[in-house]
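Coordinate analysis (summary)
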Amino acid sequence: MAYLPLLALLALSSLLQSTTPAPAGLQLSLTHVDAGSPFTFTERVRRAAQRSRHRRVVLEARLANSSGDLEVPVTSSKFEYKLAFAIGTPELNVTAILDTGSELVWTQCRPCDPCVPQSTPAYDPSNSASFSRLPCTSPLYDYQVFKRFDPPTCHYAYGYGSGATQGVLATETFTFGTKSVSHITFGCSKQSKGNFAGTSGIVGFGRGNLSLISQLGFGKFSYCLTSFNSSSSSRLRLGSLATLNGAASTVQSTPFLDDTNLYRVSLRGISLGEALLPIPNATFEHRRDETSGAVIDSGTGQTQLPKPAYEIVKQNITSLVGLPVVDLSSTIGLDLCFSVSSWPPPAVPDMTFHFDKADMTIPPANYMYADQNAGAFCLVMQRSESNLTIVGNYQQQNMHVVYDVAGRMLSFVPARCEDF
């Protein structure tokens, strides 16, 4: 999280207070970026694998560079889920990416050059009675997450790997379902580049002051992600609705670490079945001087493990499955696949991620992918090229996950997300 002097923080807090109180809670639908597409399940897995690798590079760069000026050679979309809402008066329906790894809320604004393609009409602030541009003297332009301009200008710039947005800061009315909230601070993007999956922009859900969750003052949010191949929408809940319904004995909770914009947690080890894997203790350690430790992220498709952990997981799964290994990296995009001559593939046990004070049980369907047409059985995890572990959304399927931002706690419980 970026820091400002006390007087600037007080001014920032005042600027971000909405004149229309947010409701006690909200429920929104989340749509996977590949939903409704003609892609097969295998193609969706391959695309998710590619996005996951790109997403890791972006998160590593964001941890290493807090200025917002990121340039990473990434060309495909790096995001997974999008949500729908309306902006302005009168309302204009738009879609935007949900990103727990950033904090800025922004949408493309006309006129915009260059702009990236979007599936909905572009927002034109001149048509909205509730649009208000922030003055150039606003302390928000000095916020640390933005790229520095020399000499200073009345613009912001924010990076997402090879994607980026640049424009002016403003306030506007945002409508979520039937609930409208005025004076939301957002980026009115005049220049955009990258691949944002046909949406108009990004809604940051990170821990910074500019994120939507911070501006609405909810203090917590949750999601329940349906199965990867499901046609049902997932659910995003904010505020009082972000409450776990499972029995107290099944709810697991682990604290968030430090004050970075990302959601860091302490991962202590991994088990397969009842066996704790012999991963060196230092593998998951969070060291403040480098991209290390563990992050939970809705925008990463497949979990990324540092090489020492990944190789041990790979060795143990290879031993458990006991089938010939086949190279399908060019077609499925996964590193470890087995050739299955008779169906179904061998049974494998649950995997468990051991966090500080909490265990996340990952059933086989959330870490192995079975493709009967290809005769393949694959591990849906990837090896990270750094020491950073990212717990991806494939491993979070059918799990109700609560981010208690105010209480600095992550909680989760198994759930049938299609029933939400």
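Rules and cut-offs
Residues numbered from 1 in each chain as written. Predicted model: local features only at pLDDT ≥ 70, side-chain atom pairs only at ≥ 80, totals over all residues. Heavy atoms only, no water. Helix = DSSP H or I, 4+ residues; strand = E, 2+ residues; numbered from the N terminus. Buried < 20%, exposed > 50% of the residue type's maximum accessible area, 1.4 Å probe, protein only. Contact = heavy atoms within 4.5 Å. Areas by Shrake-Rupley, 256 points an atom, 1.4 Å probe, with all protein chains shown as cover. 1 Å grid on protein atoms, 1.4 Å probe; cavity = no way out; pocket = protein on both sides within 12 Å on 5 of 7 lines; lining within 4 Å. Points joined across faces, edges and corners; volume = space filled by probe spheres on them. Nonpolar A, V, L, I, M, F, W, Y, C, P; charged D, E, K, R; others polar. Disulfide = S-S within 2.5 Å. Polar contact = N/O pair within 3.5 Å; in protein donor to acceptor, adjacent residues only side chain to side chain. Pairing = 2+ DSSP bridges. Expected span 1.5 Å × (residues − 1). Arc of directions from axis to C-beta. Axes fitted to C-alpha atoms, helices over the stretch in contact; angles between N-to-C directions. Phe/Tyr/Trp six-rings, centres within 6.5 Å; stacked < 30°, edge-to-face > 60°. Salt bridge = Lys/Arg side-chain N within 4 Å of Asp/Glu carboxyl O.

So, on to the overall build of the chain. Regarding its fold elements, the chain presents four helices and 27 strands. Looking at the chain residue by residue over its 420 residues, the buried ones come to 56%. Counted over contacts in the chain with a minimum sequence separation of 6, partners at least 24 positions apart contribute 73%. Accessible area for the chain stands at about 16,800 Å²; split by element, carbon and sulfur atoms hold 52% of it.

With that out of the way, let us pick up the layout of surface pockets. Its boundaries defined by the atoms lining it, the second largest pocket holds a volume of some 240 Å³. As for the second largest pocket, its lining consists of 17 residues, of which Pro 364, Ala 365, Asn 366, Met 368 and Tyr 394 are closest to the centre. With three residues, the single largest contributor to the lining of the second largest pocket is strand β22 (residues 368–371). Taken together, the residues that form the lining of the second largest pocket break down as twelve nonpolar, five polar and no charged.

Once that is clear, we can look at the state of the cysteines. Tallying each qualifying case throughout the model produces five disulfides. Disulfide pairing is shown between Cys 224 and Cys 417; the S-S distance is 2.0 Å. Where Cys 224 bonds to Cys 417 through sulfur, the torsion about that S-S bond is close to -75 degrees, and the disulfide is left-handed. Of the two residues, Cys 224 is situated in strand β10 (residues 220–224) and Cys 417 in the segment after β27 (409–414); the sequence distance between them amounts to 193 residues. Each of the two residues, Cys 224 as well as Cys 417, counts as buried. Covalent S-S linkage joins Cys 337 and Cys 378, the inter-sulfur distance amounting to 2.1 Å. The sign of the 110 degrees torsion about the S-S bond sets the Cys 337-Cys 378 disulfide as right-handed. Placement of the pair is Cys 337 in strand β19 (residues 337–339) and Cys 378 in strand β23 (residues 376–379), with a sequence separation of 41 residues. Like Cys 337, the residue Cys 378 is buried in the burial classification. Cysteine pairing in the chain follows 1-6, 2-3, 4-5, 7-10, 8-9, where each cysteine in a disulfide is numbered by its order in the sequence.

To continue, consider the side chain of Gln 304. In this structure, Gln 304 sits in strand β17 (residues 304–306). By relative accessible area, which is 0% here, Gln 304 ends up buried. Side-chain polar atoms of Gln 304 contact the backbone oxygen of Gln 302, separated by 3.0 Å. A polar contact of 3.0 Å, which involves the side chain of Gln 304, links it to the side chain of Gln 382.

Our focus in this paragraph is the pairing of strand β26 (residues 399–404). Of all six residues making up β26, five are buried, and the element is well covered by its neighbours. In the sheet, β10 pairs with β26 via five bridges, with the strands oriented antiparallel. From the neighbouring strand, Tyr 223 faces β26, where its bridge partner is Val 401. For β26 and β27, the ladder comprises six bridges, and the chain directions are antiparallel.

This part takes up helix α4 (residues 307–321). Along its 15 residues, α4 runs 21 Å from first to last C-alpha, staying within 8% of the 21 Å computed at 1.5 Å per residue. Residues of α4 that are buried include every one of Ala 309, Tyr 310, Ile 312, Val 313, Ile 317 and Val 321, and no others. When α4 is viewed along its axis, its buried side chains cluster within an angular range of 165 degrees and face the same direction. In α4, those exposed residues whose orientation departs by more than 90 degrees from the buried face are Gln 315 and Ser 319. Once α4 finishes, Gly 322 follows within two positions and takes phi at roughly 65 degrees, a positive value.

A separate point is the sheet that holds strand β15 (residues 275–276). Strand pairs in the sheet, formed through backbone hydrogen bonds, run parallel or antiparallel to each other. With antiparallel pairing, four strands are arranged side by side in an open sheet as β15-β14-β20-β21. Each edge of the open sheet carries a strand with a single partner, namely β15 and β21 (358–362). Bridging between strand β20 (residues 351–355) and β21 involves five bridges; their strand directions are antiparallel. Bridge pairing in β21 links Phe 355 to Ala 358.

If you trace the four strands from one edge of the open sheet to the other, you get β18-β19-β23-β22, paired in antiparallel fashion. If you trace the sheet from one side to the other, it starts and ends with β18 (325–326) and β22, each paired once. Running over the sheet, α4 touches β18, β19, β22 and β23 and is turned about 150 degrees from β23.

Overall, the coordinates contain 16 aromatic pairs when judged by the stated rule. A ring pair is formed by Phe 205 and Phe 221, whose centres lie 5.0 Å apart and whose planes are at 75 degrees; its orientation type is edge-to-face. Residue Phe 205 is found in the loop between β9 (201–204) and α3 (212–216), and its partner Phe 221 is found in strand β10; the two are separated by 16 residues along the sequence. Exposure class is identical for Phe 205 and Phe 221. Each is buried. Ring centres 6.4 Å apart and planes at 70 degrees place the aromatic pair Phe 353 and Phe 355 in the edge-to-face group. The pair Phe 353 / Phe 355 is uniform in exposure class, with both members buried.

Looking now at the pairing of β22. In this sheet, β23 lies alongside β22 in antiparallel orientation, the contact comprising four bridges. From the neighbouring strand, Tyr 369 faces β23, where its bridge partner is Cys 378. What sits between β22 and β23 in their antiparallel hairpin is a turn of four residues, with Gly 375 showing a positive phi close to 60 degrees.

To continue, consider the pattern of salt bridges. Scanning the model with the defined rule gives five salt bridges in all. As a salt-bridge pair, Arg 383 and Glu 311 come within 3.4 Å of each other at their nearest N and O atoms. Of this pair, Arg 383 sits in strand β24 (residues 382–384) while Glu 311 sits in helix α4, and the two are 72 residues apart along the sequence. We classify Glu 311 as partly exposed; its relative accessible area is 21%. One network of salt bridges, with partners in common, ties together Glu 311, Arg 383 and Glu 385.

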